Amino acid sequence: MVVTGAADEGSRMNEQVRTGDIAGAAVSALPRGAGPAVTAKVRARHVDVFYGDKQALKDVSVDIPARAVTAFIGPSGCGKSTFLRCINRMNDTIPTSRVSGQITIDGEDIYDPRLDVVQLRARVGMVFQKPNPFPKSIYENVAYGPRIHGLARNKPELDGIVMSSLEKAGLLKEVRDRLGDSGTSLSGGQQQRLCIARAIAVSPEVILMDEPCSALDPIATARIEELIDELRENYCIIMVTHSMQQAARVSQRTAFFHLGELIEQGDTTDIFTNPRNRQTQDYITGRYG
Amino acid sequence: MKEHIVRSYEEELALLDRKIAQMGGLAEDALGQAFDALEKRDPRLAEAVIGSDKAIDLLQKEIEEQVIAMIARRQPMADDLRHVMAALRITSDLERIGDLAKNTAKRALAVSQEPYPKPIMSGLRNMVERALRQLKDVLDAYAERNSELALSVWREDEQIDAMYNSVFRELLTYMMEDPRNIGLCTHLLFGAKNIERIGDHATNIAEVVHYLVHGVSIADDRPKGDETSSTLISHQ
């Protein structure tokens, strides 16, 4: 499979998918850097990403379990955010980008040209580094997604989704009496939880988080971490973080990227107490890279 | 191995190792001198050993405090985490070794006026020499991150146990021969037990070094040779 930003490349991509691994079928053994087999929700095989001539990701293969938090760590420019953005096809929005290899969710090829990208992004929610609520009311921020995806038949149903999403995001108590206030009137930590509520509202299976706490103070960070810990019972959460301590605190699996390659992945405890790879060790202990 | 980007972190880890080496040196001296005091019936040397234990205890306290501060301030990861945890565990074994040497010195004081049958010390001397070598080797293994050397210390503890078994039998024989030896021999028996325990602490340190180097515990069960708990020699 080769995907480019341009839609007309779709047929070529499809052809290559069929000659390679068939979506849903058993996938070849993991190459280097692979940890023990896990029941994968998201599965990537030999993923390369180019931005123009520059290769941002090289031959990344990884299995990401459902109902767990997987942390991607690595220095700036290592490809971790690039890979995260492959999982909901955010890279498609960059005209010069090309993605090849295979990524499946529950065995379904997410780069299949027949796949509806809007539907995919409902299944794979995303939370960004800086909280980015719409300049609308708190209620509308959460109601927007379910409304455009037609998830509620009437107002009471929509109200129910908004309330339960705010509840799950741990925000309901704080905003119950001011759902009509602007989302941007909330504090940074509350805004980030609003963004998580917004992501949850469309019932995603996977939630991508790109440094979700880096703009927050320690208390707000702890609230988000507590929330992530609760959410992992129901979602596959994939988080990019620059804070090794955060990766160690909240994730069950950790993957270390360096210069576009996935160097090592494994159980978080193993990675932080006894990494197998020298580069992983140097990075997490703060030695010269 | 590459150095840490933050130089003061590198210096703190190096300081930890220097303190462990210093503490190890003091523990070795204490053991050697406690035995000399016993053999030569030298109460002044025994007193000096008893006094020197304070320095060992102080170092343990310093190392513990430093490790706690480093965990709080640096949040060590991977080999650094194993490093500070190893230092914490080794320091407590060395502190116990210091105590056992001190206890042996106290026994040297107690028996300093007793007449010795000449050959009575030879078994004990062999034990002490072996324990000192084990201690030196395991401290070298830590300083050099040499897991092979640590593993050999771990395996050879059985020999100290075997020596202890024979010293135990020998001392019982002296006691049976002449009840006037009982007081002396009981002290020597406890002294021998102290040295056997020191061997066990050296073995603990060997296990820590193996974990430090490889990140996993030693797999096999260690051969254990102390049979004295189930030995009974009856007076015929």
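Cut-offs applied
Residues numbered from 1 in each chain as written. Chains lettered and ligands numbered in written order. Predicted model: local features only at pLDDT ≥ 70, side-chain atom pairs only at ≥ 80, totals over all residues. Heavy atoms only, no water. Helix = DSSP H or I, 4+ residues; strand = E, 2+ residues; numbered from the N terminus. Rg over C-alpha atoms; globule rule 2.2 N^0.38 Å. Buried < 20%, exposed > 50% of the residue type's maximum accessible area, 1.4 Å probe, protein only. Contact = heavy atoms within 4.5 Å. Areas by Shrake-Rupley, 256 points an atom, 1.4 Å probe, with all protein chains shown as cover. Pairing = 2+ DSSP bridges. Axes fitted to C-alpha atoms, helices over the stretch in contact; angles between N-to-C directions. Parallel < 35°, antiparallel > 145°, perpendicular 65-115°, else oblique. Left-handed = near helix turned anticlockwise from the far one by under 90°. Phe/Tyr/Trp six-rings, centres within 6.5 Å; stacked < 30°, edge-to-face > 60°. Lys NZ or Arg CZ within 6 Å of the ring centre and 35° of its normal. Core = buried A, V, L, I, M, F, W, Y, C linked by side-chain atoms within 4.5 Å. Salt bridge = Lys/Arg side-chain N within 4 Å of Asp/Glu carboxyl O.

Quick look at the overall build of chain B now. For chain B, the helix and strand inventory stands at 6 helices and 0 strands. Listing the helices and strands of chain B from first to last along the sequence gives α-α-α-α-α-α. Here chain B has a C-alpha radius of gyration of 20 Å; the compact-globule value for 236 residues is 18 Å, and the two agree. If one aligns the C-alpha atoms of chain B with their principal axes, the spans along those axes are about 70 × 40 × 25 Å. By residue count, 48% of the 236 residues in chain B fall in the buried class. Within chain B, contacts between residues separated by at least 24 positions form 84% of all contacts whose residues are at least 6 apart in sequence. In the structure as shown, chain B presents an accessible area of about 11,400 Å², 52% of it carried by carbon and sulfur atoms.

For the rest of this paragraph, the subject is the pairing of strand 4 (residues 68-73) of chain A. Residues and elements named next belong to chain A. For strand 4, the tally of buried residues reaches 6 of 6 residues, placing the bulk of the element in the interior. With burial as the criterion, each face of strand 4 is covered, one bearing Ala68, Thr70 and Phe72 and the other bearing Val69, Ala71 and Ile73. With 5 bridges joining them, strand 4 and strand 9 (residues 236-240) adopt parallel strand pairing. Looking across to strand 9, one finds that Ala71 is bridged to Met239. By the bridge criterion, 4 bridges tie strand 4 to strand 10 (residues 253-258) in an arrangement that is parallel. Counterpart to Ala71 in the pairing with strand 10 is Thr254.

Here the focus is unusual backbone geometry. Non-glycine residue Asp106 of chain A carries a positive phi angle of around 50°. Mapped onto the elements of the fold, Asp106 of chain A is located in the loop between strand 5 (97-105) and strand 6 (108-109). Its identity is not glycine, yet Arg145 of chain B carries a phi of approximately 55°, on the positive side. Locating Arg145 of chain B in the fold gives a position in the loop between helix 4 (122-144) and helix 5 (147-177).

Residue and element names in this part refer to chain B. Close contact between helix 4 and helix 6 (residues 182-214) brings their axes to 9 Å; oriented N to C, the two are set at 20°. The angle between helix 4 and helix 6 falls in the class roughly parallel. Along this stretch, helix 4 crosses helix 6, giving a crossing that reads as left-handed. For the pair helix 4 and helix 6, contact is made by Leu124, Met127, Val128, Ala131, Gln134, Val138, Ala141 and Tyr142 and by Leu188, Ala192, Ile195, Glu196, Ala202, Ile205, Ala206, Val209 and Leu212, respectively.

Our next topic: the packing of aromatic side chains. Here the distance between the centres and the angle between the planes together describe a pair of aromatic rings. Residue and element names in this part refer to chain A. Tallied over the entire structure, the rule returns 6 aromatic pairs over all chains. Each ring, one from Phe72 and one from Phe257, has its centre 5.1 Å from the other, and the planes form 65°; the classification is edge-to-face. Of the two residues, Phe72 is situated in strand 4 and Phe257 in strand 10; the sequence distance between them amounts to 185 residues. When sorted by exposure, Phe72 lands in the same class as Phe257, which is buried. Taking 5.1 Å as the distance between ring centres and 25° as the angle between the ring planes, the aromatic pair formed by Phe256 and Tyr283 counts as stacked. Remark: Tyr283 occurs in helix 11 (residues 278-285) and Phe256 occurs in strand 10; sequence separation between them is 27 residues. Over the ring of Phe50 we find Arg98; its NZ or CZ atom is 4.4 Å from the centre of that ring.

Counting residues in each nonpolar core, the largest one holds 69 residues, and the members touching the most others are Leu94, Ile120, Leu124 and Leu188 of chain B. Broken down by secondary-structure element, the contributors of at least two residues to this core are helix 1 (7-40), helix 2 (43-74), helix 3 (78-110), helix 4, helix 5 and helix 6 of chain B. Per element, the largest residue contribution to this core is 13 residues, and it comes from helix 6 of chain B. Setting aside residues no more than four positions away along its own chain, Leu124 of chain B makes contact with Phe35, Leu38, Val167, Leu188, Ala192 and Ile195 of chain B. One finds Val127, Ala197, Ala220 and Val250 of chain A within the second-largest nonpolar core, a separate group that totals 35 residues.

All right, on to the side chain of Asp53 of chain B then. Among the secondary structure elements, Asp53 of chain B is positioned in helix 2. Among all residues touching Asp53 of chain B, those that are not within four sequence positions of it are Gly98, Asp99 and Lys102 of chain B.

The next thing to look at is the pattern of salt bridges. Any two side chains of opposite charge can pair, so long as their charged atoms come close to each other. Residues and elements named next belong to chain A. Per the stated rule, a full pass over the model turns up 30 salt bridges over all chains. One salt bridge in this structure joins Lys41 and Asp106, with 2.8 Å as the shortest N-O distance. Taken together, the positions of Lys41 in strand 2 (residues 40-51) and Asp106 in the loop between strand 5 and strand 6 put the pair 65 residues apart, joining distant regions of the chain. Owing to a relative accessible area of 12%, Lys41 belongs among the buried residues under this scheme.

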